[in-house]
Amino acid sequence: MSCCFETQLKFIRAAIATNFGFFFSSGWRFMFYLLMASLLVSYESILGYIVAGVTIFVAFFNTYVLCRYPTYRAIRQKMAEEEDKRIQGKIKKGVAKQAVTGWNSS
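Definitions and limits used
- Residues numbered from 1 in each chain as written.
- Predicted model: local features only at pLDDT ≥ 70, side-chain atom pairs only at ≥ 80, totals over all residues.
- Heavy atoms only, no water.
- Helix = DSSP H or I, 4+ residues; strand = E, 2+ residues; numbered from the N terminus.
- Buried < 20%, exposed > 50% of the residue type's maximum accessible area, 1.4 Å probe, protein only.
- Areas by Shrake-Rupley, 256 points an atom, 1.4 Å probe, with all protein chains shown as cover.
- Axes fitted to C-alpha atoms, helices over the stretch in contact; angles between N-to-C directions.
- Parallel < 35°, antiparallel > 145°, perpendicular 65-115°, else oblique.
- Nonpolar A, V, L, I, M, F, W, Y, C, P; charged D, E, K, R; others polar.
- Phe/Tyr/Trp six-rings, centres within 6.5 Å; stacked < 30°, edge-to-face > 60°.
- Expected span 1.5 Å × (residues − 1).
- Arc of directions from axis to C-beta.
- Contact = heavy atoms within 4.5 Å.

Caption draft 1: How the structure looks around the overall build of the protein. Counting its secondary structure elements, the protein contains five helices and zero strands. Listed N to C, the secondary structure of the protein is α-α-α-α-α in terms of helices and strands. Per-residue burial for the protein yields a buried fraction of 24% across its 106 residues. Carbon and sulfur atoms make up 70% of the accessible area of the protein, which amounts to about 8,000 Å² in all.

Quick look at the structure:
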């Protein structure tokens, strides 16, 4: 889920914002990562412990970045909007091309 959130694609962002709004708060996101790490520890395997450690590191690093650099969120939002525009442009070109191709082949 966090990977989907980080892709910043509009249709995925909308679904995550609607269903998992806590991802937009650094504190609640931190708690989510800690919850995920505790689930990994419950597997009681070496791989579970390693991945839990990495998850805890990511939780602290992510929270640090979001709290230390508040403009990061605004920059990320701007980049996501630009990516949405680029994707929409490609879709429009593809639809237009298919419409012309379909029109000529009829």
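Caption draft 2: Fine view of the packing of helix α3 (residues 26-41) against helix α4 (residues 46-68). Close contact between α3 and α4 brings their axes to 8 Å; oriented N to C, the two are set at 175°. By the angle between their directions, the pair α3 and α4 is classed as roughly antiparallel. Among the residues forming the contact of α3 with α4, the class breakdown is 16 nonpolar, five polar and one charged.

Caption draft 3: Up close: unusual backbone geometry. Notably, E44 is not glycine yet its phi reads approximately 55°, a positive angle. Mapping E44 onto the fold places it in the loop between α3 and α4. Among the residues examined, E44 registers a relative accessible area of 63% and is labelled exposed.

Caption draft 4: Local environment of the packing of aromatic side chains. With the rule as written, the count across this model stands at four aromatic pairs. Where F30 meets F60, the ring centres are 5.0 Å apart and the plane angle is 70°; that geometry is what we call edge-to-face. Of this pair, F30 sits in helix α3 while F60 sits in helix α4, and the two are 30 residues apart along the sequence. What makes F30 buried here is its relative accessible area of 18%. Residues F57 and F61 carry aromatic rings whose centres are separated by 6.1 Å and whose planes lie at 15° to one another, so their mutual orientation is stacked. Of this pair, F57 and F61 both sit in helix α4, four residues apart, which is roughly one turn of that helix.

Caption draft 5: Broad picture of α3. Between its first and last C-alpha atoms α3 spans 23 Å; for 16 residues at 1.5 Å apiece the expected length is 22 Å, and the two agree. All buried positions along α3 are accounted for by S26, R29, F30, F32, Y33, A37 and L40. The buried side chains of α3 occupy one side of the element, clustering within an arc of 160° when seen end-on.

Caption draft 6: Spotlight on α4. In this model, α4 (23 residues) spans 33 Å end to end at C-alpha, consistent with the 33 Å of a helix rising 1.5 Å per residue. Among all positions in α4, only G48, A52, T55, A59, N62, T63, V65 and L66 are buried.

Caption draft 7: View of the side chain of T55. As for its placement among the helices and strands, T55 is situated in helix α4. For T55, the residues in contact, after removing those within four places along its chain, are Y33, M36, A37 and L40.

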